[in-house]
Every structure is written in structure tokens, then in C-alpha cells.
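Listed here are the chains, written in short residue letters.
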Amino acid sequence: VKEAKANNTRVTQEQVNEVFSGEMEKAKSHMKLIAEAESTKTRNVGHTMEIAGKAKNMGISDPNVFFIVVRDNSLCSECLRLHMMPDGVTPKVYKMSELSHSWHKRGEDRPSSCGLHPHCRCSESMLPPGWGFRNGYISFISLDHDEWAVQRGLD
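So, how was this worked out
- Residues numbered from 1 in each chain as written.
- Predicted model: local features only at pLDDT ≥ 70, side-chain atom pairs only at ≥ 80, totals over all residues.
- Heavy atoms only, no water.
- Phe/Tyr/Trp six-rings, centres within 6.5 Å; stacked < 30°, edge-to-face > 60°.
- Helix = DSSP H or I, 4+ residues; strand = E, 2+ residues; numbered from the N terminus.
- Buried < 20%, exposed > 50% of the residue type's maximum accessible area, 1.4 Å probe, protein only.
- Core = buried A, V, L, I, M, F, W, Y, C linked by side-chain atoms within 4.5 Å.
- Contact = heavy atoms within 4.5 Å.
- Pairing = 2+ DSSP bridges.
- Axes fitted to C-alpha atoms, helices over the stretch in contact; angles between N-to-C directions.
- Patch = residues over 30% accessible without salt bridge, like charges linked within 9 Å, V, L, I, M, F, W, Y side chains within 5 Å.
- Areas by Shrake-Rupley, 256 points an atom, 1.4 Å probe, with all protein chains shown as cover.
- Salt bridge = Lys/Arg side-chain N within 4 Å of Asp/Glu carboxyl O.

Caption draft 1: Here's a closer look at the packing of aromatic side chains. Enumeration according to the criterion identifies two aromatic pairs in this entry. Between Phe66 and Phe133 the ring centres are 5.1 Å apart and the planes differ by 80 degrees, which places this aromatic pair in the edge-to-face class. Here the residue Phe66 occupies a position in strand β1 (residues 64-68), and Phe133 occupies one in strand β4 (residues 131-134), the gap between them amounting to 67 residues. On the accessibility criterion, Phe133 (11% relative accessible area) is buried. Ring centres of Trp131 and Phe140 lie 5.7 Å apart, and the angle between their planes is 75 degrees; on these two criteria the pair is classed as edge-to-face.

Caption draft 2: Structural detail: the nonpolar core. Within the largest apolar cluster, 16 residues are counted, with the highest numbers of intra-cluster contacts made by Val65, Cys79 and Cys122. Elements supplying a minimum of two residues to this core: α2 (13-58), β1 and α3 (77-83). With sequence-adjacent residues up to four places away left out, Cys79 is seen in contact with Met84, Leu116, His117, Cys120 and Cys122. Membership of the second largest hydrophobic core comes to six residues, among which are Phe66, Val93, Phe133 and Trp148.

Caption draft 3: Representation of the sheet that holds strand β2 (residues 94-95) within the structure. The sheet built from three strands is open, its strands ordered β2-β1-β3 with antiparallel pairing. Each end of this open sheet is capped by a strand with a single partner; those strands are β2 and β3 (123-126). In this structure, β1 lies alongside β3, joined through four bridges in antiparallel fashion. Paired with Val65 across the strands is Met126, a residue of β3. Each of β1 and β3 is contacted by α2, which is oriented at about 5 degrees to β3, the strand it contacts most.

Caption draft 4: Local environment of a nonpolar patch on the surface. A cluster of nonpolar side chains, contributed by Trp131, Ile138, Phe140 and Leu143, occupies part of the molecular surface with about 420 Å² of accessible area. By the element assignment, Ile138 lies in strand β5 (residues 137-140).

Structural measurements only, silent on function.
See below:
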């Protein structure tokens with residue numbers, strides 16, 4: 001409209017429709033992004049609450065948690081970096097207290113229970129005492145096994 005006014009010409013209905021359609025598509029895309037981000041956050045906050053309840057019933061004050069990732073070509077580098085060990089196969093274990101409970105910023109070294117990004121498909125899960133990972137799969141190891149301590153070289 002500014003350009004047409006500067007050139008002393010009229011804006012056609014087609015031009016108005018084209019601009020309006022483009023703006024509506026942008027708005028639709030932003031709304032979808034917001035909905036996906038909030039869905040990811042809600043799902044993972046629900047998992048966090050469930051894990052906290054189960055851990056409390058087991059007498060565990062700071063449970064071991066890990067993120068279940070979808071291992072495909074869409075797995076992003078941020079999820080791979082924070083949710084997997086360097087071998088790219090074994091899930092990385094955290095104490096629940098190590099997780100952030102706010103929005104994650106790319107490049108931070110602390111994963112968030114809210115998800116790492118709007119399209120994040122990773123889900124938080126509890127790793128019970130005695131359980132660990134073999135070839136990337138959860139397995140019972142022994143009654144005194146602590147996967148968190150093993151991954152950090154404390155055991």
C-alpha cells in the first residue's frame with residue numbers, strides 16, 4: 001500500500017488477497033509452533049510429576065532419569081548431545097535435580113524437563129535403582145547398580 005501510494009497507483013484486490021494470505025499463513029505457522037511447544041511441555045511436566053510420585057513411594061529423593069529419544073534422521077543435534085552418551089546409543093542419565101524446569105536455550109548443557117525445542121519428541125522416564133543400559137537398551141544390572149554414578153565415573 002505504501003509503495004502504491006508513493007507511485008500514485010491503486011492496490012488491486014489480488015495484491016491485498018496475496019498479502020493477507022501470506023500473513024495468515026505466517027500466523028497459522030506460529031500458532032502451530034506454540035501449540036506443539038506447549039504440548040511437549042505439558043507431556044514432559046506430566047512425566048516429571050509421575051516420576052516424582054513414584055520415586056517418593058520408593059523412598060528416593062532424587063531419582064535417576066533419562067530421555068527416550070526417537071532414533072531416526074529427524075533426531076536433532078541438541079537432543080543427541082544432551083540425551084545420549086557420546087556413543088550415540090546409550091541414553092544419558094541425570095538426577096532429576098540436574099534438569100532445568102524452564103525453557104531450554106540451544107547450547108546450554110542442562111536439559112529441560114519441558115523439552116529442548118517445540119518439535120521435541122523426547123520423553124522423560126525414570127531409571128529405577130539396579131537398572132542400567134546394555135547396547136542402548138534398558139536392562140536390570142544388579143541390586144546395587146547406579147547407572148548415573150557409572151556414567152560419571154563414580155562407581
